[in-house]
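Spelled out, the chains give:
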Amino acid sequence: MIQLSFKEHEKIIQALSQGDSLIGLLSSQKGKTFETISLLTKYLPLKDSLQCVSQLDQAGSSLISKLLKECVYPSFMFLFSYFMILFFSHVLLPAMQEYTDASSTWMMSFLEILFSGILLFLFCVFLFRNRFMERLLFIKRFTTIRFAILLEALLHISLPTSQALEILSQYPSIQKISLPMYQQLQKGKTFMEILQSISIMDPGFIPLFQIGLETNVSKLLNIYIQKTTHVLSKEIKRFSIGVQILAYSSVGLMVLFVYQIMLMPLNMLNSI
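These numbers come from a predicted model, not from an experiment.

Peer 1: Where do I start with the overall build of the chain in this structure?
Peer 2: Looking only at helices and strands, one finds 14 helices and 0 strands in the chain. When the elements of the chain are put in sequence order from the N terminus, they spell out α-α-α-α-α-α-α-α-α-α-α-α-α-α. Summarising the internal contacts of the chain: among those between residues at least 6 apart in sequence, 61% fall at separations of at least 24. With an accessible surface of roughly 16600 Å², the chain has 62% of that area assigned to carbon and sulfur atoms.

Right, here's the structure in full:
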C-alpha cells in the first residue's frame, strides 16, 4: 500500500524498518494537509483522519481550485482589454489626432475610467480582504463547513462536544469559530447564544445544529456538509459566469470602440 501511495516509498519503508511510525512520518511533513493529519491522528485512527482530510479537500481546496480555473482565462481577457485601452488612449490616439474628433477621445476615456474603477474596487477588496471577506456569505459557509467536517469527525468517535471544541480550538483555519465556542461554553453560555454571537458563522448552520442537539448532532452535521457543499458549488458556478460576462463584455466594448475610431480616417477620406 505504501509503494502504491507514495512516490518516495523506499524512504518511508526504510524509516519504518528503523522503528518510526507511519503517523509520525506523515505528521512531520510540512503543509496544511499534514498539519491536519497530525492534529486528527492524536484522537482518530489514521483511516478516519485521512477520510476527514479528503472531505476537507473536497469542500475547500477543490472548490477554490475550480473557481481559479474557471476565472483565470476571463480575468486575463479583462486585463488584456484594459492594457489595449491604455495603449489606444495614450499612444495611438495622440498619433491619429488629425484624423479623429472629440467623440473618439471621449469613448476611450470613458472605457479607461470604467476599467480603472473596476480594478480599483478589486484592489480595495484585496487590500481590506480580512475585514471585507468575513462579511460575505460565501466565506461564512466556506469556514463553517470546514468546522462542521472536523467536528463531525471527532463526535463520530463519541467525544464529548466540549472536548471536541477544545481540540478544534487548536486548528488555525477555524479558530474564529471553534475558539470562541469553547471559551464561551466554559463560561456557561448555551450553544444557541454562542452560535448567534459568532459573526463568521453561517446562519444556515444554526437551525440544523439546534435540531441536532435534540436528536443526533453527527447526522445533522452530515446533512449540513452535503447541503452546503452543493450550495458552494452552485455559487462558484454563478460567480465564474459573472466574471466571464464581465470579461467578454469588456472585450466587446473595446473592439466596438476601437473599430469606430479606426473607421474615422476612412470616413474623412470618403467625405473629401
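Peer 1: What's the story with the packing of aromatic side chains in this structure? I'm lost.
Peer 2: The geometry of two aromatic rings is summed up by the distance between their centres and the angle between their planes. Inspection of the entire model under this criterion finds 9 aromatic pairs. Relative to Phe-80, the ring of Phe-76 has its centre 6.5 Å away and its plane inclined at 25 degrees; by these criteria the two rings are stacked. A residue pair is termed a helical-turn pair when its members lie 3 or 4 positions apart in one helix, as Phe-76 and Phe-80 do in helix α6 (residues 61-95) at 4 residues. Judged by centre distance (6.5 Å) and plane angle (10 degrees), the ring pair of Tyr-82 and Phe-115 falls under stacked. Remark: Phe-115 occurs in helix α7 (residues 102-127) and Tyr-82 occurs in helix α6; sequence separation between them is 33 residues. Its relative accessible area of 13% is what places Tyr-82 among the buried residues. Note on Phe-115: relative accessible area 2%, which makes it buried.

Peer 1: Sorry if this is basic, but what is going on with the nonpolar core here?
Peer 2: Nonpolar side chains in soluble globular proteins generally cluster together in the buried interior. Within the largest apolar cluster, 50 residues are counted, with the highest numbers of intra-cluster contacts made by Phe-147, Leu-151, Met-181 and Phe-205. Of the residues forming this core, the biggest block, 9 residues, is contributed by helix α9 (residues 137-155). The residues contacting Phe-147, other than those within four sequence positions of it, are Leu-165, Leu-168, Ile-174, Ile-177, Ser-178, Met-181 and Phe-205. Counting residues in hydrophobic clusters, the runner-up holds 14 residues, among them Ile-85, Phe-88, Met-108 and Phe-115.

Peer 1: Teacher, can you tell me more about the packing of helix α5 (residues 46-58) against α9 here?
Peer 2: Packed helices, taken two at a time, are described by the angle between their axes plus the distance between the axes. For the pair α5 and α9, interaxial distance at closest approach is 10 Å and the crossing angle is 165 degrees. It follows that α5 is roughly antiparallel to α9 by the angle criterion. By crossing handedness, the relation of α5 to α9 is classed as right-handed. Residue-level inspection shows Cys-52, Gln-55 and Leu-56 of α5 in contact with α9, the latter providing Arg-146, Ile-149, Leu-150 and Ala-153. Class assignment for the residues of the contact of α5 with α9 results in 5 nonpolar, 1 polar and 1 charged.

Peer 1: Help me out: how do you make sense of the packing of α9 against helix α11 (residues 175-186) in this one?
Peer 2: Where α9 contacts α11, the two axes come as close as 9 Å, and the packing angle between them is 60 degrees. With respect to α11, the element α9 is oriented oblique. Along the contact surface, α9 presents Thr-143, Thr-144 and Phe-147, while α11 presents Ile-177, Ser-178 and Met-181. Of the residues assigned to the contact of α9 with α11, the class counts are 3 nonpolar, 3 polar and no charged.

Peer 1: Hey, could you run me through a nonpolar patch on the surface in this one?
Peer 2: On the surface, a cluster of nonpolar side chains totalling about 480 Å² of accessible area is made up of Tyr-73, Phe-76, Phe-80 and Tyr-248. Among the elements that take part in the nonpolar patch, α6 stands out by supplying 3 residues, more than any other.

Peer 1: Can you walk me through helix α13 (residues 205-214) in this structure?
Peer 2: The set of residues buried in α13 consists of Phe-205, Ile-206, Leu-208, Phe-209 and Gly-212. Buried residues of α13 fall within an arc of 165 degrees about the axis and therefore sit on the same side.

Conventions and cut-offs
- Residues numbered from 1 in each chain as written.
- Predicted model: local features only at pLDDT ≥ 70, side-chain atom pairs only at ≥ 80, totals over all residues.
- Heavy atoms only, no water.
- Helix = DSSP H or I, 4+ residues; strand = E, 2+ residues; numbered from the N terminus.
- Contact = heavy atoms within 4.5 Å.
- Areas by Shrake-Rupley, 256 points an atom, 1.4 Å probe, with all protein chains shown as cover.
- Phe/Tyr/Trp six-rings, centres within 6.5 Å; stacked < 30°, edge-to-face > 60°.
- Buried < 20%, exposed > 50% of the residue type's maximum accessible area, 1.4 Å probe, protein only.
- Core = buried A, V, L, I, M, F, W, Y, C linked by side-chain atoms within 4.5 Å.
- Axes fitted to C-alpha atoms, helices over the stretch in contact; angles between N-to-C directions.
- Parallel < 35°, antiparallel > 145°, perpendicular 65-115°, else oblique.
- Left-handed = near helix turned anticlockwise from the far one by under 90°.
- Nonpolar A, V, L, I, M, F, W, Y, C, P; charged D, E, K, R; others polar.
- Patch = residues over 30% accessible without salt bridge, like charges linked within 9 Å, V, L, I, M, F, W, Y side chains within 5 Å.
- Salt bridge = Lys/Arg side-chain N within 4 Å of Asp/Glu carboxyl O.
- Arc of directions from axis to C-beta.

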